[in-house]
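Analysis of the macromolecular model
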Amino acid sequence: MGRATFTYEETGYFLRVKLKGDIDHHSAVAIRSGMDSLLYKIRPRRLYLDLSGVDFMDSSGLGLIMGRYALMKEIGGDVVVCDPCPGVDRVIKLAGLDKLVRIERSKTDAAGQDKPRSRRVRKEVLK
Amino acid sequence: MKSNKFNAKVVNKMQLKLPSLSVNEGMARAAVAAFVSQLDPTATELADIKCAVSEAVTNCIVHGYRDSVGYVRMTVKLCEGRIVRIEIADKGCGIADVKQARQPLFTTDAAGERSGMGFTVMESFTDGVRVSSKLGKGTTVTMIKVLADLDLT
Ligand SMILES: Nc1ncnc2c1ncn2[C@@H]1O[C@H](COP(=O)(O)OP(=O)(O)OP(=O)(O)O)[C@@H](O)[C@H]1O
Ligand SMILES: [Mg+2]
């Protein structure tokens, strides 16, 4: 409860972060710090935020996405949100976040175009 | 009656009192969802309620008890006409200007990566929100969700 984990995958200039669990104020704190150290280290051109494993998100998740959007802008990249479930999608649209970041609806679209050059999969488990 | 949804007759009731620890946000959502489930809400209705509750409880924790730990009190009433009435209260700092606070994107905590969308979520995902607040005394948010009639065929 109120726990979330993420895994990530680095593919060339792209970083794909797959979130799992509930995103609320409690879990967002740990996700944010874990993700930011990764972003500063890897400095990707694009951050794919895969939300397919997230079945609950409130406005804290909006803050989380908007904050990563700002950080990616700072390091010269952008954010793409992938596969939000209907409930999460409603929260995103309510805030008009779909006008700020691109939303991709199918997994094959997300990282499929560019063939991976290096592929490293790591798992980060957060308390 | 729908016009009287804030005062509908109470059939069942649950009360919960939790310290303002962020770990309790998930607990509050889950408890309300479990209690409301006896009315067989749709998945969407339940998701709406969970999100609205999460917003109100988080506000108590993040804003109301910004510099302290206090109790968040939650009362859920199931009323006649499939009306769910949820009251979430803190005895924290209170809101100086409620009308301003309810505006979309208004936040006093931009540094904490808040989007200022909490009240907007509550308003969009429920059928009525009332906020009463007094500086230095605390805040009570009352939300109404009217569940669609059960299809008994
Ligand atoms: N229980 C409360 N006690 C004191 N102030 C509150 C309370 N609830 C809300 N507020 C005030 O109202 C403002 C707007 O609340 P709202 O939930 O809409 O946005 P937020 O909490 O700032 O951001 P978000 O909910 O998107 O993370 C808050 O920034 C805060 O100043
Ligand atoms: Mg809020």
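Here, every reference points to the structure presented above.
Counting from 1, residues in each chain are numbered in the order their sequence is written. Whichever chain is written first becomes A and whichever ligand is written first becomes 1, with later ones labelled in order. With the structure being a predicted model, the display of local features is reserved for residues of pLDDT at least 70 and the display and counting of side-chain atom pairs for 80 or more, all residues being used for whole-chain, interface and lining totals. Based on all heavy atoms of the structure, the side-chain values leave hydrogens and waters out of the count.

1. Observations regarding the interface of chain B and chain A
By definition in these notes, contact holds between two residues if any of their heavy atoms fall within 4.5 Å. Contact residues are listed per partner, giving 27 residues for chain B and 22 residues for chain A. Together, the buried faces of chain B and chain A total about 1900 Å²; carbon and sulfur atoms form 57% of this surface. Summed over the three residues of chain B that lose the most area to chain A, namely B:Arg29, B:Glu113 and B:Ser115, the buried surface amounts to 28% of that side. Between A:Arg68 and B:Glu113 there is a salt bridge whose closest N-O contact spans 2.5 Å. Helix and strand definitions here come from DSSP, where helices need a minimum of 4 consecutive H or I residues and strands a minimum of 2 consecutive E residues; each element is numbered from the N-terminal end. The element contributing the most residues to the side of chain B that touches chain A is helix H2 (residues 43-64) of chain B, with 10 residues. Buried surface area refers to the total accessible area, computed with a probe of radius 1.4 Å, that the two partners give up upon joining, counted for both partners together. Criterion for a salt bridge: a side-chain nitrogen of Lys or Arg within 4 Å of a carboxyl oxygen of Asp or Glu.

2. Points about the sheet that holds strand E1 (residues 10-19) of chain B
All names here are of chain B. By the convention used here, strands pair only if DSSP detects at least 2 bridges between them. Reading across from one edge, E1-E2-E3-E5-E4 is the order of the five strands in this open sheet, with antiparallel pairing throughout. Of all the strands in the sheet, the pair left with one neighbour each is E1 and strand E4 (129-134). Between one strand and the next, the sheet's axes are offset by a mean angle of 10°, whatever the strand orientation. Pairing between strand E2 (residues 71-79) and strand E3 (residues 83-90): eight bridges, direction antiparallel. Bridging from a neighbouring strand, Leu78 pairs with Val84 of E3. Working convention: axes come from line fits to C-alpha atoms, limited for helices to the stretch in contact. Angles between N-to-C directions cover 0 to 180 degrees.

3. Overview of the packing of helix H3 (residues 86-94) of chain A against helix H4 (residues 118-125) of chain B
Close contact between H3(A) and H4(B) brings their axes to 11 Å; oriented N to C, the two are set at 120°. Considered as vectors, H3(A) and H4(B) are oriented oblique to each other. Considering the relative orientation of H3(A) and H4(B), their crossing is right-handed. Between H3(A) and H4(B), the contacting residues are A:Arg90, A:Val91 and A:Leu94 on the first element and B:Thr120, B:Val121, B:Ser124 and B:Phe125 on the second. Taken together, the residues of the contact of H3(A) with H4(B) break down into four nonpolar, two polar and one charged. Our angle categories are set so that under 35 degrees counts as roughly parallel, over 145 as roughly antiparallel, 65 to 115 as roughly perpendicular, and the remainder as oblique. In this scheme, a crossing is called left-handed if the near helix is turned counterclockwise away from the far one by less than a right angle; it is called right-handed if the turn is clockwise. Put simply, Ala, Val, Leu, Ile, Met, Phe, Trp, Tyr, Cys and Pro go in the nonpolar bin, Asp, Glu, Lys and Arg in the charged bin, and everything else, Gly too, in the polar bin.

4. Overview of the side chain of B:Arg85
Along the chain, B:Arg85 falls in strand E3. At 3.1 Å, the side chain of B:Arg85 and the side chain of B:Glu87 are in polar contact. Here a polar contact is taken to be a pair of N or O atoms separated by no more than 3.5 Å, where protein atoms must pair a possible hydrogen donor with a possible acceptor and residues adjacent in sequence count only if both atoms sit in side chains.

5. Remarks on the pairing of strand E5 (residues 138-146) of chain B
Residue and element names in this part refer to chain B. Summary of the burial criterion: residues with accessible area below 20% of their type's maximum are buried, those above 50% are exposed, and those between are partly exposed, where the area comes from a 1.4 Å probe applied to protein chains only. For E5, the buried fraction is high: eight of the nine residues fall into the buried class. Two elements, E3 and E5, share eight bridges in a ladder whose sense is antiparallel. Each residue of the ladder has a partner; that of Arg85, found in E5, is Ile144. Between the end of E4 and the start of E5, which pair antiparallel, lie three residues, with Gly136 showing a positive phi angle near 80°.

6. Overview of the site of ligand 1
If a single non-hydrogen atom of a residue is within 4 Å of a molecule or strand, that residue counts as near it. Neighbouring ligand 1 are 21 residues, the closest being B:His63, B:Thr107, B:Thr108, B:Arg114 and B:Ser115. Neighbouring residues of ligand 1 are not confined to a single chain but are spread across chains A and B. Contact distances for ligand 1 include 2.8 Å between an oxygen atom and a backbone N or O atom of B:Met117. Burial of ligand 1 by the surrounding chains reaches 96%, relative to a free accessible area of 600 Å². With five residues, the single largest contributor to the shell around ligand 1 is H2(B). Of the residues belonging to the shell around ligand 1, the class tally is seven nonpolar, 11 polar and three charged. All accessibility values rest on the Shrake-Rupley procedure with a 1.4 Å probe; residue burial counts only the protein chains present in the view.

7. Digging into unusual backbone geometry
All names here are of chain A. Unlike most non-glycine residues, Arg43 shows phi in positive territory, near 45°. Residue position: Arg43 is located in the loop between helix H1 (25-42) and strand E3 (46-57). A positive phi angle is found at Asp83, which is not glycine, with a value near 50°. If you trace the backbone, Asp83 turns up in the loop between strand E4 (78-82) and H3.

8. Some remarks on the nonpolar core
Put simply, buried Ala, Val, Leu, Ile, Met, Phe, Trp, Tyr and Cys residues joined by side-chain atoms within 4.5 Å make one nonpolar core. Counting 37 residues, the largest nonpolar core has A:Val17, A:Leu19, A:Leu47, A:Leu49, A:Leu51, A:Met57 and A:Val81 as the members making the most contacts within it. Taken together, the elements giving at least two residues each to this core come down to strand E1 (4-11), strand E2 (14-23), H1, E3, helix H2 (59-74), E4 and H3 of chain A together with H4 of chain B. The contacts of A:Val81, once residues within four sequence positions are left out, are A:Leu49, A:Leu51, A:Ile65, A:Ile92, A:Val101, A:Arg102, A:Ile103 and A:Glu104. By size, the runner-up hydrophobic cluster in this structure holds 32 residues, among which are B:Met14, B:Val76, B:Val84 and B:Met122.

9. Re the pattern of salt bridges
Residue and element names in this part refer to chain A. Evaluated as defined, the whole model comprises 15 salt bridges over all chains. A salt bridge links Asp89 to Arg105, with the shortest nitrogen-to-oxygen separation between them at 3.0 Å. Taken as a pair, Asp89 in helix H3 and Arg105 in the loop between strand E5 (102-104) and helix H4 (107-112) lie far apart in primary sequence, 16 residues in all. The class for Asp89 is buried, based on a relative accessible area of 12%. Using a relative accessible area of 45% as the deciding quantity, one classes Arg105 as partly exposed. A salt bridge links Arg102 to Glu104; the shortest N-O distance between them is 2.3 Å. With relative accessibility at 7%, the residue Glu104 sits in the buried group.

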